Amino acid sequence: MGINTFNIEEQGFLTTKLSEFIRWAQRNSLWPMPLGISCCAIEMMAFAAPKYDVARFGSEFLRFSPRQSDLLIVAGTVTYKMARVVRKIYDQMPDPKWVIAMGVCTSTGGMYRSYAVVQGIDQFLPVDVYVSGCPPRPENLINGLLKIQELIKKGVPPKRDPIFI
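Residues numbered from 1 in each chain as written. Predicted model: local features only at pLDDT ≥ 70, side-chain atom pairs only at ≥ 80, totals over all residues. Heavy atoms only, no water.

- The name that an unreviewed UniProt entry assigns to the protein chain is NADH-quinone oxidoreductase subunit B, with the source organism given as Candidatus Chryseopegocella kryptomonas.
- Recorded in UniProt under Catalytic activity (unreviewed entry), the annotation for the protein chain is "a quinone + NADH + 5 H(+)(in) = a quinol + NAD(+) + 4 H(+)(out)".
- The Subunit (unreviewed entry) comment attached to the protein chain in UniProt states, word for word, "NDH-1 is composed of 14 different subunits. Subunits NuoB, C, D, E, F, and G constitute the peripheral sector of the complex." (UniProt positions renumbered as here; feature names shortened; annotations may be inferred.)

**A word on unusual backbone geometry**
Moving on, step 1. Going from D95 to P96, the amide bond is cis rather than trans, its omega being -10°.
Moving on, step 2. Residue position: P96 is located in the loop between α4 (80–92) and β3 (98–102).
Moving on, step 3. In this model, C134 is joined to P135 through a cis peptide bond whose omega is -20°.
Moving on, step 4. Mapped onto the elements, P135 comes out in the loop between β4 (129–131) and α6 (138–154). (Helix = DSSP H or I, 4+ residues; strand = E, 2+ residues; numbered from the N terminus.)

**Focus: the confidence of the model for the protein chain**
Moving on, step 1. Per-residue pLDDT for the protein chain has a mean of 80; in total, 87% of the residues score no lower than 70.
Moving on, step 2. Taking the mean pLDDT of every element in the protein chain, the minimum, 62, falls on strand β5 (residues 163–164) and the maximum, 89, on β3. (pLDDT = per-residue confidence, 0-100.)

**Regarding the pairing of β3**
Moving on, step 1. With five of five residues buried, β3 lies mostly within the body of the structure.
Moving on, step 2. Here five bridges tie strand β2 (residues 71–75) to β3, and the two strands are oriented parallel to one another. By the bridge assignment, L72 is partnered in β3 with V99.
Moving on, step 3. Chirality of the crossover, the property in question, places the unit of β2, α4 and β3 among those that are right-handed.
Moving on, step 4. With three bridges connecting them, β3 and β4 associate as parallel partners. When the bridges of β4 are listed, M102 appears paired with V131. (Buried < 20%, exposed > 50% of the residue type's maximum accessible area, 1.4 Å probe, protein only. Pairing = 2+ DSSP bridges. Right-handed = clockwise from strand over helix to strand, strands pointing away.)

**Things to note about the pattern of salt bridges**
Moving on, step 1. Counting across every chain of the model gives four salt bridges.
Moving on, step 2. Where K97 meets D95, a salt bridge forms, and the shortest distance between an N and an O atom there is 3.8 Å.
Moving on, step 3. Here K97 falls in the buried class, since its relative accessible area comes to 10%.
Moving on, step 4. Overall, the relative accessible area of 64% leaves D95 in the exposed class.
Moving on, step 5. Salt bridges sharing common partners tie together E43, R137 and E139. (Salt bridge = Lys/Arg side-chain N within 4 Å of Asp/Glu carboxyl O.)

Next up, the structure:
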């Protein structure tokens, strides 16, 4: 069922609910705030490169200002010193805001079991989607973006139950 089955050319209009239209616009225009802290950032850069063409999903505008973004992608090892900065960036983002934890180090601290490394950013930040891997492939990050879009389509508010990929 597509737009052509409605014969818009003949009828001249299309009907829908306003809430569904707003969710459609939201999910197809997510503007990510990339927060590349370590090696996962290289894969996040590849995610935005022409080979994977994230523009198909409306997320080609990587915003480096938290006030212009609604999706925070945290990629890499987060130390306790950096945790305050990450939380401050998250707090500056407008609502509704979504968070993707990219990589093992972001999700669980990874191989770094030291006093300086946060053992998962969910200790100080609500996370919507966890993307696994060390480092995760760009395809896996695109899958995480699609999961966020599915949540928006269903009308699920941010930070309910996290999704593990």
